[in-house]
Amino acid sequence: MNHQRLFRHLHQAIQRIQNNTYNEEEPYSLKKVLMEEYPVCYNLSWKLIKIMQHSLQTTIPDSEAVYLTLHMQRLSRTK
């Protein structure tokens, strides 16, 4: 189920970016907590963002890293 959520989020994020309908507002307080509590997942999320930016040839809002980190952390707990 958690894998499916991650893939769905990635698919929807790509659609938002391609359609230019994403929300650029970043939850800064949550970002700070995630960076401190889950640095591995946060860094992995940024690696995915960089791959997406390269593939889509566009910038991706920082807020996507926050949401991807949450999905990554959820996956890391299921092992």
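Residues numbered from 1 in each chain as written. Predicted model: local features only at pLDDT ≥ 70, side-chain atom pairs only at ≥ 80, totals over all residues. Heavy atoms only, no water.

What to know about the overall build of the protein chain
Along its length, the protein chain carries 4 helices and 0 strands. Sequence-ordered secondary structure for the protein chain, helices as α and strands as β, is α-α-α-α. Residues classed as buried in the protein chain amount to 35% of the 79 residues present. Of the roughly 5,500 Å² of accessible surface on the protein chain, 51% is carried by carbon and sulfur atoms. (Helix = DSSP H or I, 4+ residues; strand = E, 2+ residues; numbered from the N terminus. Buried < 20%, exposed > 50% of the residue type's maximum accessible area, 1.4 Å probe, protein only. Areas by Shrake-Rupley, 256 points an atom, 1.4 Å probe, with all protein chains shown as cover.)

Details of the packing of helix 1 (residues 2–19) against helix 4 (residues 63–77)
Contact geometry of helix 1 with helix 4 gives a least axis separation of 9 Å together with a crossing angle of 165°. With respect to helix 4, the axis of helix 1 lies roughly antiparallel. At the point where helix 1 passes helix 4, the crossing takes the left-handed sense. Residues N2, H3, R5, L6, H9, L10, A13 and R16 of helix 1 form the contact with helix 4, whose participating residues are E64, Y67, L68, H71, M72, R74 and L75. Looking at the contact of helix 1 with helix 4 residue by residue, the class counts come to 7 nonpolar, 4 polar and 4 charged. (Axes fitted to C-alpha atoms, helices over the stretch in contact; angles between N-to-C directions. Parallel < 35°, antiparallel > 145°, perpendicular 65-115°, else oblique. Left-handed = near helix turned anticlockwise from the far one by under 90°. Contact = heavy atoms within 4.5 Å. Nonpolar A, V, L, I, M, F, W, Y, C, P; charged D, E, K, R; others polar.)

Re the environment of L30
When you line up the elements, L30 lands in helix 2 (residues 28–37). Using a relative accessible area of 31% as the deciding quantity, one classes L30 as partly exposed. In the structure, L30 is positioned 36 residues away from V66 in sequence and 7.4 Å away in space, judged by C-alpha atoms. With sequence-adjacent residues up to four places away left out, L30 is seen in contact with V66 and L70.

As for unusual backbone geometry
Backbone geometry at N20 places phi at a positive 55°, although glycine is not the residue there. With respect to the element layout, N20 can be found in the loop between helix 1 and helix 2.

What to know about the nonpolar core
The biggest cluster of nonpolar side chains holds 14 residues, and the ones touching the most others in it are L6, I49 and M52. Counting residues per element, the ones that place at least two in this core are helix 1, helix 3 (39–56) and helix 4. Top element by residues in this core is helix 3. It accounts for 5 residues. Ignoring anything within four residues of it in the chain, the contact list for M52 reads L10, A13, I14, I17, Q57 and I60. (Core = buried A, V, L, I, M, F, W, Y, C linked by side-chain atoms within 4.5 Å.)

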